[in-house]
Structures are given as C-alpha cells and as structure tokens.
Amino acid sequence: MPITIPEDPFHRRLHHIAPGGLTSETAQTGGMHRRAAISGKTVGSSRLWMGQTHVAPATVSANHHHGESETAIYVVSGTPSFVFVDIEEEEPVEVRINTKPGDYIFVPPYVPHREENPDPDLEAIVVIARSTQDAIVVNLDELTWNGPVLTSQ
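Now for a quick tour of the structure. The model shown is predicted, which means the values in this text are computed figures rather than measured ones. (Residues numbered from 1 in each chain as written. Predicted model: local features only at pLDDT ≥ 70, side-chain atom pairs only at ≥ 80, totals over all residues. Heavy atoms only, no water.)

## Some details on the pairing of strand β6 (residues 81-86)
So the rule is basically this: The classification of residues rests on relative accessible area computed with a 1.4 Å probe and restricted to protein chains. Under 20% of the type maximum is buried, over 50% is exposed, and intermediate values are partly exposed. Numbering of helices and strands runs from the N terminus, with a helix taken as a DSSP run of H or I at least four residues long and a strand as a DSSP run of E at least two residues long. A pair of strands counts as paired when DSSP detects no fewer than two bridges linking them.
Across the six residues of β6, five count as buried, placing the element largely inside the fold. As paired elements, β6 and strand β7 (residues 93-98) share six bridges and run antiparallel to each other. Directly across from V83, in β7, lies its bridge partner R96. Between β6 and the antiparallel strand that follows it, β7, lie six residues. For β6 and strand β9 (residues 113-117), the ladder comprises four bridges, and the chain directions are antiparallel. Residue pairing across strands places F82 opposite E115, the latter belonging to β9.

The structure is reproduced here in structure tokens:
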C-alpha cells in the first residue's frame, strides 16, 4: 500500500515502530540478520533507512558494500569487529576495528567490509542508519586484499 504524503508538511503524522514491528523483508548478507524499522516501504521515508542488525556468536558476515549509501552504525550490545581494506597506506592492508557498546562506526559509500562477532556466547546487535530509503547491499566474494590484519582499538 503506497503512502501518500500531504502537501502541507506541518500536518503529517509521526510513525512509531515498536520492536515487534521491525521487518526482515530487507536485503541480507550471510552471517547477519537485518531488520528494517524506518524505510520507504515501512513509513514512506524518501532519504533514510534505519534498522538493526544481529550477528550471531562466533560469526563472520559475508563481504559486502552498501552502494551509494552512507552508513552509520551504533553498537548496542556485544563486541563486533568491522573489517575493511585501507588503501591509503603504501600497500593496501586489511584493518579490523574492534568495538564495544556505545561505539559508532561510519561506512562511506561503496567501501567493501564485513562484520565479525568474535564472542563465542553473545549475539552482537547494532543499530544502522543509511542515507538511502532502502538497505542497499552488494555481497562480494572478497575484500580484494589478503594481506596482514591490523587491529584498531
């Protein structure tokens, strides 16, 4: 059912999405489970997507990027790691950013990366906001680099 937006911006309604209202009808990547809250499909947003991602214990996601979308991530629980290839060094190097609850991550458009949850017992949960109304996900075979891994705390 398409959402009609009134011409008068002062008389639109707010949308409340409770945890039970999140939907799994969004792009997915192996090793992760995304649930949409705010999207073009759920509330009629035109420039924003927001939801959560759950990464099971001892899980590594598939490599992927989010196309033209900027992505902001807030770590709610667990200690997920975010892995990407830094090409600003003399030689490309794979970098792992280890996070904890309360941390934020920014993923620029088109940057290949993956999420990892090294904890053998605890699921990692993050809240994601994207600059597009749909969750663009392009799954990849690799990050394009198999060099040494650096760790950033």
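Still more to cover.
## Concerning the environment of I125
Rule in force here: Residue contacts are defined here by distance: any two heavy atoms, one from each residue, within 4.5 Å place the two residues in contact.
As for its position among the elements, I125 is in strand β10 (residues 124-130). Taking the C-alpha atoms as reference, I125 lies 6.5 Å from V75; in sequence the two are 50 residues apart. Ignoring any residue separated from it by four or fewer positions in sequence, one finds I125 in contact with T53, H54, Y74, V75, V76 and S77.

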